[in-house]
Amino acid sequence: MRIQKYIESDNELWNSFIQNSKNGIFMFNRNFMEYHKDRFTDNSLLFYDDDKLVAVMPASIKDGVLCSHGGLTYGGFITNNDMKQHHMNDCFSVLKEYAISNGIKEIIYKHIPHIYHRQPAEEDLYSLFYTGAQILKIEPATTINLHQPLKMPKGRKAQVGRARREGVEISESDDFVSFINLENQVLQEHHDTKAVHSAEELKLLQERFPNNIKLLGAFYKDDLIAGTVLFIYDNAVHTQYMAANDTAREIGALDLTIATVIETYKDSKDWLDFGISTEDGGHYLNDGLISQKEGFGGRTNIYQTWKIKIS
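Computed from a prediction, not measured in an experiment: that's the story for all the values here. (Residues numbered from 1 in each chain as written. Predicted model: local features only at pLDDT ≥ 70, side-chain atom pairs only at ≥ 80, totals over all residues. Heavy atoms only, no water.)

A. Structural view of the pattern of salt bridges. Evaluated as defined, the whole model comprises 14 salt bridges. Ionic pairing is found between R249 and D246, a salt bridge with its closest N-O pair at 2.5 Å. One end of the pair is R249 and the other is D246, both in helix α8 (residues 246-251) and three residues apart, which spans about a single turn. Look at D246 and you get exposed, because its relative accessible area is 52%. Ionic pairing is found between K266 and E263, a salt bridge with its closest N-O pair at 3.2 Å. Overall, K266 belongs to the partly exposed group, its relative accessible area being 30%. Taken together, the shared-partner salt bridges connect R30, E34 and D42 into one network. (Salt bridge = Lys/Arg side-chain N within 4 Å of Asp/Glu carboxyl O. Helix = DSSP H or I, 4+ residues; strand = E, 2+ residues; numbered from the N terminus. Buried < 20%, exposed > 50% of the residue type's maximum accessible area, 1.4 Å probe, protein only.)

So this is what it looks like as structure tokens:
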């Protein structure tokens, strides 16, 4: 087993491997990863068994810490159908050797949640344990089983009904500027922060991946009052952003938006992932936020981040 650092000429090889892997997602396509390449020093890796490519790892490096990947929610090893446990153990062994040779002090490893796998692909979790890695973060992400969704409580159903009576219309939109303005208003008010993506970045990514990124807006009297940006994968749909103003909260516009997402994808996808509801590296649980997500019928699926100390 040997490692080769990603270079630009590997672009086509990398993207083809992601497309045909058992746990790759469109966010690992180089056309997605490199939209913010000015913010991260790329240190992605390719793993070869003899001359056969068997795994890749999106990664960035900063201050002697290798992270998989600093600009992505999750990363870790992306593997093909030939990957078996002993091969993964070998991948971690050569990764440690690579780290030592390149002065890397530690590796931050973001496991890809199983709901995004096309085939079972948790060899890395055993290898992390086997090699003495430590859990750095456990974060609860609220997820709906779209084939067997739990019933919404009466209050949530009532809000969906009210939105319909009030004439709220749900439709796809390309007005990312209005949505991000709304999102940032909500984030600033409740969390003193702002969206990771700008409207221009979301529009750029949507143009590159039109089948994977969609903005679903809730319109009331021709105004966008709520909505969600959806990242759409083979098995799952993820609400990358959700936002609602005071009017939307009063008349149930976001409730109707999510009910529409569930109805739209219930036959074609397995999971609807609302993402995490924690701050401070998972140590603070936002009870109000997770309760809102659970009110749609979601329950906890774990995001895991590990740390490998290099001695």
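B. Representation of the packing of aromatic side chains. For the structure shown, the criterion picks out 18 aromatic pairs. Ring centres 4.8 Å apart and planes at 65 degrees place the aromatic pair F47 and F77 in the edge-to-face group. With F47 in strand β2 (residues 45-49) and F77 in the loop between β5 (65-68) and β6 (78-79), this residue pair connects regions lying 30 residues apart in the sequence. A relative accessible area of 1% places F77 in the buried class. On the numbers, 5.6 Å between centres and 45 degrees between planes, the contact of F92 with Y109 is tilted. With F92 in helix α3 (residues 85-101) and Y109 in strand β7 (residues 106-110), the pair connects residues that are 17 residues apart, well separated along the chain. By relative accessible area, which is 2% here, F92 ends up buried. Aromatic rings pair up to connect F26, F32, Y35, Y74, Y116, F209, F231, Y233 and Y303 into one cluster. For R30, the ring lying beneath its charged end belongs to W14, and the centroid distance is 4.9 Å. (Phe/Tyr/Trp six-rings, centres within 6.5 Å; stacked < 30°, edge-to-face > 60°. Lys NZ or Arg CZ within 6 Å of the ring centre and 35° of its normal.)

C. Here's a closer look at the sheet that holds strand β10 (residues 213-220). With respect to topology, 10 strands assemble into an open sheet ordered β4-β5-β7-β16-β8-β13-β12-β11-β10-β9, the strand pairing being mixed. Edge positions in the sheet fall to β4 (60-62) and β9 (169-173), since each has one partner strand and no second. The average angle at which neighbouring strand axes cross in this sheet is 30 degrees, direction not considered. Pairing analysis gives five bridges linking β7 to strand β16 (residues 299-309), with the strands arranged antiparallel. If you follow Y109 over to β16, its bridge partner there is W306. (Pairing = 2+ DSSP bridges. Axes fitted to C-alpha atoms, helices over the stretch in contact; angles between N-to-C directions.)

D. Up close: the sheet that holds strand β3 (residues 52-57). Ordered by their spatial adjacency, four strands build an open sheet running β1-β2-β3-β6, and the pairing between neighbours is antiparallel. Every interior strand has two partners, whereas the edge strands, β1 (2-5) and β6, have only one. Pairing between β3 and β6: two bridges, direction antiparallel. Paired with V56 across the strands is I78, a residue of β6. Where helix α1 (residues 11-19) meets the sheet, its contacts fall on β2, β3 and β6, and the angle it forms with β3 comes to roughly 85 degrees. Of the strands in this sheet, β1, β2, β3 and β6 touch α3, which is tilted by about 125 degrees from β2. (Contact = heavy atoms within 4.5 Å.)

E. Quick peek at the packing of α3 against helix α4 (residues 123-130). Contact pair α3 / α4: the axes reach a minimum separation of 9 Å and the direction vectors enclose 55 degrees. When the axis of α3 is compared with that of α4, the two are oblique. Handedness of the α3/α4 crossing: right-handed. Residues Q85, M88, N89 and F92 of α3 pack against E123, D124, Y126, S127, L128 and Y130 of α4. Its residues placed into classes, the contact of α3 with α4 shows five nonpolar, three polar and two charged. (Parallel < 35°, antiparallel > 145°, perpendicular 65-115°, else oblique. Left-handed = near helix turned anticlockwise from the far one by under 90°. Nonpolar A, V, L, I, M, F, W, Y, C, P; charged D, E, K, R; others polar.)

F. Structural detail: unusual backbone geometry. The residue after S68, namely H69, is reached through a cis peptide bond having omega 5 degrees. The topology assignment puts H69 in the loop between β5 and β6. With a phi angle near 60 degrees, D50 is a residue other than glycine that sits in the positive phi range. Classification of D50 as exposed rests on a relative accessible area of 63%. Backbone geometry places D63, a non-glycine residue, at a positive phi of 50 degrees. For D63, the position within the fold is in the loop between β4 and β5.

G. Looking closely at the packing of helix α5 (residues 154-165) against helix α9 (residues 253-265). Between α5 and α9, the shortest axis-to-axis distance is 8 Å and the interhelical angle comes to 100 degrees. When the interaxial angle is binned, α5 and α9 end up roughly perpendicular. Taking contact as the criterion, the partners of R156, Q159, V160, A163 and R164 in α5 are, on α9, A253, D255, L256 and A259. Of the residues belonging to the contact of α5 with α9, the class tally is five nonpolar, one polar and three charged.

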